[in-house]
Amino acid sequence: MARSRTLLLIGVMAVTAAACGDDTADTTTTTGASATTVTTAAETTTTVEPPTTTTDAPTTTAPLVPPYLTIGETDLGAVLTDDTGRTLYLFTPDAQGASTCTGGCATTWPPFTGDVSAGPNVDASLLGSITRGDGTTQATYNGWPLYHYVADTEPGHTRGQGIGGVWWAVDADGEAVD
């Protein structure tokens, strides 16, 4: 019994000493399931609610996987480019239909092929594809099959613009830039 009183007395003295000490040094933090309570020796209590989360919407968006279309700035202004910034062109003999650029033409003007998606500032409703004669899938925009030009070796180049009066860069609306 004497031992219990001694322990009780030591506990009371410790609490009293803590109450008389420096207010900034004595801080107790208790974390519960729904809130965090902070109490200092001066008996100031602050309750901080935990952040709420919802599972209805994703918190991040998936990164685009190449190849994809985007809008890039060139000396012609804003034009359709691929994910590396290379300008894309339309060929007027295609007349918003099947690709008519084959053989040597397709060597100089490689078709933009693959499972292409719409990137930033691109109207996804204008994106489509056709199957070329060799079985590859070529991307289209506003019905126009899309091509690169081999002399455009860096992002932003527009060296193919207007060649033969039939090759044109494509604007965000899917029209020829002239």
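Quick note: structure is the one above.
Residues numbered from 1 in each chain as written. Predicted model: local features only at pLDDT ≥ 70, side-chain atom pairs only at ≥ 80, totals over all residues. Heavy atoms only, no water.

**Student:** How do you make sense of the overall build of the protein when you look at a structure like this?
**Tutor:** When helices and strands are counted, the protein shows two helices and 11 strands. Put simply, the protein has 178 residues, and 28% of those count as buried. Total accessible area computed for the protein in this model is approximately 10,700 Å², and 57% of it derives from carbon and sulfur atoms. (Helix = DSSP H or I, 4+ residues; strand = E, 2+ residues; numbered from the N terminus. Buried < 20%, exposed > 50% of the residue type's maximum accessible area, 1.4 Å probe, protein only. Areas by Shrake-Rupley, 256 points an atom, 1.4 Å probe, with all protein chains shown as cover.)

**Student:** What is the right way to look at the sheet that holds strand 4 (residues 68-74) in this model?
**Tutor:** Adjacent strands of a sheet pair through backbone hydrogen bonds, lying either parallel or antiparallel. Taken together, three strands build an open sheet; the order of strands is 5-4-7 and the sheet is mixed. Strands with a single pairing partner mark the edges of an open sheet, and in this sheet they are strand 5 (77-82) and strand 7 (117-118). Both strand 4 and strand 7 contribute to a ladder of two bridges, which runs parallel. The residue bridging Leu-69 from the neighbouring strand is Ala-118, located in strand 7. (Pairing = 2+ DSSP bridges.)

**Student:** Sorry if this is basic, but what is going on with the pairing of strand 9 (residues 137-141) here?
**Tutor:** With four of its five residues buried, strand 9 lies for the most part within the structure. Pairing of strand 8 (residues 127-131) with strand 9, which is carried by five bridges, proceeds in the antiparallel orientation. Among the inter-strand pairings, Ile-130 is bridged to a residue of strand 9, identified as Gln-138. Counted along the chain from strand 8 to the antiparallel partner strand 9, the turn is five residues long, and its residue Gly-135 has a positive phi close to 90°. With two bridges connecting them, strand 9 and strand 10 (residues 144-145) associate as antiparallel partners.

**Student:** Where do I start with the state of the cysteines in this structure?
**Tutor:** As used in these notes, a disulfide is a covalent bond between sulfur atoms, one from each of two cysteines. This structure, assessed with the given rule, holds one disulfide. Here Cys-101 connects covalently by a disulfide to Cys-105, the sulfurs 2.0 Å from one another. The sign of the -110° torsion about the S-S bond sets the Cys-101-Cys-105 disulfide as left-handed. Residue classification places Cys-101 among the buried residues on the basis of a relative accessible area of 0%. Relative accessible area serves as the criterion here: at 25%, Cys-105 is assigned to the partly exposed category. (Disulfide = S-S within 2.5 Å.)

**Student:** Where do I start with the environment of Ile-71 in this structure?
**Tutor:** Assignment of secondary structure puts Ile-71 in strand 4. For the pair Ile-71 and Val-122, spaced 51 residues apart in sequence, the C-alpha to C-alpha distance is 6.7 Å. Those residues in contact with Ile-71, other than ones at most four positions away along the chain, are Ala-78, Val-79, Leu-80, Thr-81, Pro-120, Asn-121, Val-122 and Ala-172. (Contact = heavy atoms within 4.5 Å.)

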